[in-house]
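What follows is each chain in one-letter form.
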Amino acid sequence: MKSIFKILGFLFAILFLVAAILQYNDPDSLIWIIIWGFAALFSLAFALQKISFMPLFFSGVMALGGFFYCYPEKFEGFEIGGGAIKNVEEGREAFGLLIIAVVLLAFAWKTYSARKLKV
């Protein structure tokens, strides 16, 4: 694996862990701590080359599905006071899942392409 992807794996593991920690005061904090925690764990496993294509791919697809599920009926931005708090919260949650999806799917693609090159 190229070192840039290894660095990205460690970087996103740290960023996702910070995101998990920042969920402590959220009304539905447990589910989001688990989601961000798994994203951090999968990113760390990717950086250490301890995870295969399938868990990364399916987690990325599930996060992408979660993005569409959580996307608010009316997107009003991310800033409190910029719209109804319910819409703002749902928008933040949806785009957090989109970030997770993009990162995990990129890691899955890299894992898959690296496996194909070895054969």
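Treat the numbers as computed from the prediction; the structure is a model and nothing was measured.

Procedures and definitions
Residues numbered from 1 in each chain as written. Predicted model: local features only at pLDDT ≥ 70, side-chain atom pairs only at ≥ 80, totals over all residues. Heavy atoms only, no water. Helix = DSSP H or I, 4+ residues; strand = E, 2+ residues; numbered from the N terminus. Buried < 20%, exposed > 50% of the residue type's maximum accessible area, 1.4 Å probe, protein only. Contact = heavy atoms within 4.5 Å. Phe/Tyr/Trp six-rings, centres within 6.5 Å; stacked < 30°, edge-to-face > 60°.

*Asks:* What am I meant to see in unusual backbone geometry here?
*Replies:* It is generally the case that most residues other than glycine have a negative phi and that most peptide bonds are trans. In the Ramachandran plot, Gln 49 falls in the positive-phi region, its phi being about 60 degrees despite a non-glycine side chain. Relative to the helices and strands, Gln 49 resides in the loop between α2 (29-47) and α3 (53-70).

*Asks:* For this particular structure, what's the right way to read the environment of Ile 80?
*Replies:* Tracing the backbone through its elements, the reader meets Ile 80 in the loop between α3 and α4 (85-118). On the accessibility criterion, Ile 80 (55% relative accessible area) is exposed. In this structure the C-alpha to C-alpha distance between Ile 80 and Phe 46, which are 34 residues apart in sequence, comes to 35 Å. Those residues in contact with Ile 80, other than ones at most four positions away along the chain, are Ile 85, Val 88 and Arg 92.

*Asks:* How do you make sense of the packing of aromatic side chains when you look at a structure like this?
*Replies:* In this description, a pair of aromatic rings is defined by centroid distance and the angle of the planes. In total, this model carries 16 aromatic pairs according to the counting rule given. Between the aromatic rings of Tyr 71 and Phe 75, the centroid separation amounts to 6.0 Å while the plane-to-plane angle is 20 degrees, which identifies the pairing as stacked. Judged by relative accessible area, Phe 75 falls into the partly exposed class, the value being 33%. Pairwise contacts between aromatic rings join Phe 5, Phe 12, Phe 16, Trp 36, Phe 46, Phe 107 and Trp 109 into one cluster.

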